[in-house]
Amino acid sequence: MIFLGLLLLVGTGAFTALAIAGNLAGGPEYTVSVLHHTIATVNGLALFSAGLTLALLFCLGLAMTTRAAVHRHRHHGPVIHGGAGRGTPPRSAG
C-alpha cells in the first residue's frame, strides 16, 4: 500500500512537472505535449479539469502513503508479554 501511494505521488508529480515545463507558451488553445509527443489540444476548461484531476490523484497518493505509514507504525510497536516487564512482580502460586 505504501509502495502504491509513493508510486502515485511520484508519477503525478513527474507528469505534472513535465507537462508544465514543456508547455510554458500558451494561448486560447493549448497543445499539451510531454517529451515532445503531443497528447491533446485543449481549451482553458479542459486544462483546468486536467489540473484538478492530477491534484486529486496526488492527494490520493499522499493519503495512501500516510495511512500505510501510520498503519505500519501502530502494528509494529513494542510487544510486551505477560506481567514481566511492566514493573509488577510475578505472582507466586500457592
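Preceding this section is the structure that the text describes.
The structure reproduced in this document is the subject of the present report. Keep in mind that what you see is a predicted model, and the values were worked out from it rather than measured.

Cut-offs and rules
- Residues numbered from 1 in each chain as written.
- Predicted model: local features only at pLDDT ≥ 70, side-chain atom pairs only at ≥ 80, totals over all residues.
- Heavy atoms only, no water.
- Helix = DSSP H or I, 4+ residues; strand = E, 2+ residues; numbered from the N terminus.
- Buried < 20%, exposed > 50% of the residue type's maximum accessible area, 1.4 Å probe, protein only.
- Contact = heavy atoms within 4.5 Å.
- Areas by Shrake-Rupley, 256 points an atom, 1.4 Å probe, with all protein chains shown as cover.
- Expected span 1.5 Å × (residues − 1).
- Arc of directions from axis to C-beta.
- Pairing = 2+ DSSP bridges.
- Patch = residues over 30% accessible without salt bridge, like charges linked within 9 Å, V, L, I, M, F, W, Y side chains within 5 Å.
- Salt bridge = Lys/Arg side-chain N within 4 Å of Asp/Glu carboxyl O.

Re the overall build of the protein chain
No. 1: A count of helical and extended segments in the protein chain gives two helices and two strands.
No. 2: Out of the 94 residues belonging to the protein chain, those deemed buried represent 13%.
No. 3: Residue pairs at least 24 apart in sequence account for 43% of intrachain contacts in the protein chain once pairs closer than 6 positions are excluded.
No. 4: Surface summary for the protein chain: the accessible area is close to 7,600 Å², and the carbon and sulfur share equals 69%.

Description of helix 1 (residues 2-22)
No. 1: Its 21 residues place the ends of helix 1 30 Å apart at the C-alpha level, agreeing with the 30 Å of an ideal helix rising 1.5 Å per residue.
No. 2: For helix 1, the full list of buried residues reads Gly5, Leu9, Thr12 and Ala19. Down the axis of helix 1, the buried set is contained in an arc of 120°. They therefore lie on one face. Away from the buried face of helix 1 by more than 90 degrees, exposed residues Phe3, Leu7, Val10 and Ala21 are located.

Looking at the pairing of strand 1 (residues 30-34)
No. 1: Where strand 1 meets strand 2 (residues 37-42), five bridges bridge the pair, whose relative direction is antiparallel. Counterpart to Val34 in the pairing with strand 2 is His37.
No. 2: Counting the residues in the hairpin turn of strand 1 and strand 2 gives two residues, including Leu35, whose phi is positive at 55°.

Considerations on the side chain of Thr12
No. 1: Among the structural elements, Thr12 can be located in helix 1.
No. 2: Classification of Thr12 as buried rests on a relative accessible area of 6%.
No. 3: Look past the residues within four positions of Thr12 in its chain and what remains in contact with it is Leu54, Leu57 and Phe58.

Concerning a nonpolar patch on the surface
No. 1: Taken together, the side chains of Ile2, Phe3, Leu4, Leu6 and Leu7 present a nonpolar region at the surface, about 500 Å² in accessible area.
No. 2: In this structure, Leu7 sits in helix 1.

Quick word on unusual backbone geometry
No. 1: Look at Leu35: it is not a glycine, yet its phi comes out positive at around 55°.
No. 2: Mapped onto the elements of the fold, Leu35 is located in the loop between strand 1 and strand 2.
No. 3: The phi dihedral of His36 falls on the positive side, at around 65°, and the residue is not glycine.
No. 4: Topologically, His36 is positioned in the loop between strand 1 and strand 2.

Structural notes on the side chain of Thr65
No. 1: Relative to the helices and strands, Thr65 is located in helix 2 (residues 44-75).
No. 2: The exposure class of Thr65 is buried, given its relative accessible area of 13%.
No. 3: Discounting chain neighbours no more than four positions away, the residues touching Thr65 are Ile2, Gly5, Leu6 and Leu9.

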